[in-house]
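Reading the structure
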Amino acid sequence: MKSGLRFAKALLAALIVICAAQPALAQQNRGHVYLLRGLANVFSLGMDDLAAKMNGRGIVATVHEYGQWQQLADAAAAESRATGNSPIVIVGHSLGADAAIEMAERLTALGVPPKLVVTFDPVGVTQVGRAQGYFVNYYQSTNGYGKRLTAGSGFRGNIVNRNLDAIGSIDHFNIEKSPRLHDEVITQVRSITNKPKPKPKPAAPAAPAAPSAEPSSPGTQAAAKPGAPG
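Residues numbered from 1 in each chain as written. Predicted model: local features only at pLDDT ≥ 70, side-chain atom pairs only at ≥ 80, totals over all residues. Heavy atoms only, no water.

Read across the open sheet, the six strands follow the order β2-β1-β3-β4-β6-β8; overall the sheet is parallel. The open sheet has two edge strands, β2 (61-65) and β8 (156-163), and neither has a second partner. Strand-to-strand, the axes of this sheet are offset by a mean angle of 15 degrees, without reference to chain direction. Bridging between strand β1 (residues 32-37) and strand β3 (residues 88-93) involves five bridges; their strand directions are parallel. Among the inter-strand pairings, L35 is bridged to a residue of β3, identified as V91. Contacts between helix α4 (residues 69-82) and the sheet are confined to β1, β2 and β3, with β1 contributing the most and set at about 175 degrees to the helix. Each of β1, β3, β4 (116-120), β6 (132-139) and β8 is contacted by helix α6 (residues 179-193), which is oriented at about 170 degrees to β4, the strand it contacts most. (Pairing = 2+ DSSP bridges. Helix = DSSP H or I, 4+ residues; strand = E, 2+ residues; numbered from the N terminus. Axes fitted to C-alpha atoms, helices over the stretch in contact; angles between N-to-C directions. Contact = heavy atoms within 4.5 Å.)

Written out as structure tokens, the structure is:
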């Protein structure tokens, strides 16, 4: 009970700080990105770096421990409904990637599926079950940890697997820290969270000018209007 209360207070405090620091940018964007760290909450600090980059671009992003995914799903669903079904994005690394998939499944069951789920080297969950959304999985099959994602029963969405075996400078412990991958993820997130500006309404056509009546010449009768009795 106490841990749940501490979590709620921490999440609320994070949102207040973000909104207070970026009021102008927040008005231009919509949605919330939830980033989930992996084992022991210390091996996925690339999630913190990525969140800082997103917040710097006006994208509301918060970082959490992977074991909080269930509480996060409930809070995200409530927040999305309260803000006009604003989009939910989930990003996770390692065990956080596993939790991101489980969180997406729970959100779908709650009737508020995420728009985008990004996973970095999931290690245990290899199949996406009853979920919706667009899934992008960055992984290596040669580092002893990363797994390819497949669609399970009830999945209604899209899965894109990005195999990074050919990039020798990346491994399981730094895949979520890659600046190049950060840029890719931010581009994907911005395409969802950027609120399009409303198109200007077309100007109303000007009313036609009323024809000016010519004065009748002395000694003559004005012409009758069409359809009027002569």
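Bringing the pattern of salt bridges into the picture now. Applying the stated criterion to the full structure yields five salt bridges. Notably, a salt bridge pairs D74 with R106, separated by 2.9 Å at the nearest N-O pair. Note that D74 is positioned in helix α4 and R106 in helix α5 (residues 95-109), a separation of 32 residues in sequence. (Salt bridge = Lys/Arg side-chain N within 4 Å of Asp/Glu carboxyl O.)

Each pair of packed helices can be described by the angle between their axes along with the distance between the axes. Relative to each other, α4 and α5 sit at 40 degrees, their axes nearing to 9 Å. With respect to α5, the element α4 is oriented oblique. In this structure, α4 meets α5 at a crossing whose hand is right-handed. For the pair α4 and α5, the contacting residues are W69, Q70, L72, A73, D74, A76 and A77 in the first and A99, E102, M103, R106 and L107 in the second. Partitioning the contact of α4 with α5 into residue classes produces eight nonpolar, one polar and three charged. (Parallel < 35°, antiparallel > 145°, perpendicular 65-115°, else oblique. Left-handed = near helix turned anticlockwise from the far one by under 90°. Nonpolar A, V, L, I, M, F, W, Y, C, P; charged D, E, K, R; others polar.)

Here we come to the environment of A51. As for its position among the elements, A51 is in helix α3 (residues 46-56). A51 gets classed as buried once you look at its relative accessible area, which sits at 4%. Not counting the four nearest positions on each side in its chain, A51 is found in contact with L35, A61 and V63. (Buried < 20%, exposed > 50% of the residue type's maximum accessible area, 1.4 Å probe, protein only.)

For the rest of this paragraph, the subject is the side chain of H93. Mapping H93 onto the fold places it in strand β3. Only 2.7 Å separates the side chain of H93 from the side chain of S44, close enough to count as a polar contact. Not counting residues up to four positions away in its chain, the partners in contact with H93 are L36, R37, G38, F43, S44, M47, F120, H172, I175 and E176. (Polar contact = N/O pair within 3.5 Å; in protein donor to acceptor, adjacent residues only side chain to side chain.)

As a further point, take the environment of Q71. Its place among the elements puts Q71 in helix α4. Using a relative accessible area of 34% as the deciding quantity, one classes Q71 as partly exposed. C-alpha separation for the pair Q71 and M103, spaced 32 residues apart in sequence, amounts to 9.1 Å.

Looking at the chain, the pLDDT average stands at 83 and 72% of residues meet or exceed 70. Within the model, the stretch residues 212-230 combines pLDDT values under 50 with one contact to residues more than four positions away or in other chains. (pLDDT = per-residue confidence, 0-100.)

Position of A76 among the secondary structure elements: in helix α4. For the pair A76 and V33, spaced 43 residues apart in sequence, the C-alpha to C-alpha distance is 9.5 Å.

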